[in-house]
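Results of the structural survey
This is what each chain is made of:
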Amino acid sequence: MLEPLRQGLPPLDPAAVSDAASCALPARYEAVREARRFTRRTLDQWDMGDRFDDVCLVVSELVTNALRHGLPANSACVSGREPPVRLHLMRWTERLVCAVRDPSHDSPVTREADDFSAESGRGLFLVDSFSDSWGWHPLAGALDGKLVWALFRLPRADSRPHGE
């Protein structure tokens, strides 16, 4: 069990965000593919397609974990409500945050990454390996559940090679 971690997460002040996009995802595993497509379109719009591979891998793991561990057994049958999982992409000048919201109050659980041939259990290890930092925090108020996020540092605009 991990303690809620907010360190490294940029302030969620909407005025400070350069760009933001989000999409609701249905409670089925095809949602992972939908999340990747949404991420591709969003990063292309933001002229950040070069970051797609790392960001897409992290988004896939976060959404898979939300679907696998963050949903109650009957969540696919809940009618009249917003889909239970939501992907948020937020860009600041030098940071990109991918965040996935799910209705569970349970903290993410990291497993030992001893068996690299295992078909599951390495998701948070991959998130940790491919992002600059990650964490989670419980939601309050009208929003129920938790938010699991991963941060990617972006090169400063003045440090990019000319033509980018």
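None of these values were measured; they are calculated from a predicted model. For every chain, the first residue of the written sequence is number 1, and numbering continues from 1 onward in sequence order. Totals for whole chains, interfaces and linings use every residue, but because this is a predicted model, local features are given only for residues with pLDDT of at least 70 and side-chain atom pairs only at 80 or more, for both listing and counting. Note: side-chain values were computed over all heavy atoms of the structure, leaving out hydrogens and water.

Things to note about the confidence of the model for the chain
Detailed conclusions should not be drawn from predicted coordinates in areas where pLDDT is low. The pLDDT averaged across the chain works out to 81; a share of 73% of its residues lies at or above 70. pLDDT: the predictor's confidence for each residue, scored from 0 to 100. Helix and strand labels come from DSSP, where a helix needs a run of H or I of at least four residues and a strand needs a run of E of at least two; each type is numbered from the N terminus. Mean pLDDT across the elements of the chain bottoms out in helix α3 (residues 123–130) (90) and peaks in helix α1 (residues 30–45) (96).

A look at the pairing of strand β4 (residues 133–138)
Partly exposed describes any residue whose relative accessible area lies between the buried limit of under 20% and the exposed limit of over 50%, with all areas from a 1.4 Å probe on protein chains only and scaled to the type maximum. Most of β4 sits out of view: five of its six residues are buried. Inspection of the sheet shows β4 paired to strand β5 (residues 146–153) by six bridges, in the antiparallel sense. Following the sheet pairing, Trp-134 is matched in β5 by Ala-150. Strand pairing is defined by DSSP finding a minimum of two bridges between the two strands.

As for the packing of aromatic side chains
Note on ring pairs: Phe, Tyr and Trp rings are taken, using the six-membered ring of Trp, and paired if centres are within 6.5 Å. Classes follow the plane angle, with under 30 degrees stacked, over 60 edge-to-face and the rest tilted. In total, this model carries zero aromatic pairs according to the counting rule given. In this arrangement the basic side chain of Arg-40 is found over the ring face of Phe-52, its NZ or CZ atom lying 3.7 Å from the centre. Working rule: Lys NZ or Arg CZ, within 6 Å of ring centre, within 35 degrees of ring normal, means a charge sits over the ring.

Some points on a positive patch on the surface
A cluster of basic side chains, namely Arg-33, Arg-36, Arg-37 and Arg-41, defines a positive patch on the protein surface. Structurally, the position occupied by Arg-37 is in helix α1. Patch building starts from residues that exceed 30% relative accessible area and form no salt bridge, then joins like charges within 9 Å and nonpolar side chains (Val, Leu, Ile, Met, Phe, Trp, Tyr) within 5 Å. Reported accessibility uses the Shrake-Rupley method at a 1.4 Å probe radius. Residues are deemed covered only where the shown protein chains occlude them. Think of a salt bridge as a Lys or Arg side-chain nitrogen and an Asp or Glu carboxyl oxygen that are within 4 Å of each other. Within this scheme the basic residues Lys and Arg register as positive and the acidic residues Asp and Glu register as negative, but His and the chain ends are omitted. Where a charge lies is defined by one atom per residue type, namely NZ (Lys), CZ (Arg), CG (Asp) and CD (Glu).

Describing unusual backbone geometry
Residue Asp-47 is not a glycine yet carries a positive backbone phi of 55°. Residue placement: Asp-47 occurs in the loop between α1 and α2 (52–69).

Things to note about α1
Think of an α-helix as turning once every 3.6 residues; residues three or four places apart then point the same way. Helix span, expected: 1.5 Å multiplied by one less than the number of residues in the helix. The terminal C-alpha atoms of α1, which comprises 16 residues, lie 23 Å apart, in line with the 22 Å expected from a rise of 1.5 Å per residue. Those residues of α1 lying buried are Ala-31, Val-32, Ala-35, Phe-38, Thr-39, Thr-42 and Leu-43. Along α1, the residues classed as buried sweep out an arc of 125° about the axis, all on the same side. Summarising the contacts, the buried residues of α1 are in contact with β1 (19–25), α2, β2 (85–91) and β3 (95–102). Directions pointing from the helix axis toward each C-beta atom define the arc. Two residues qualify as a contact provided that any one of their heavy atoms is within 4.5 Å of a heavy atom in the partner residue.

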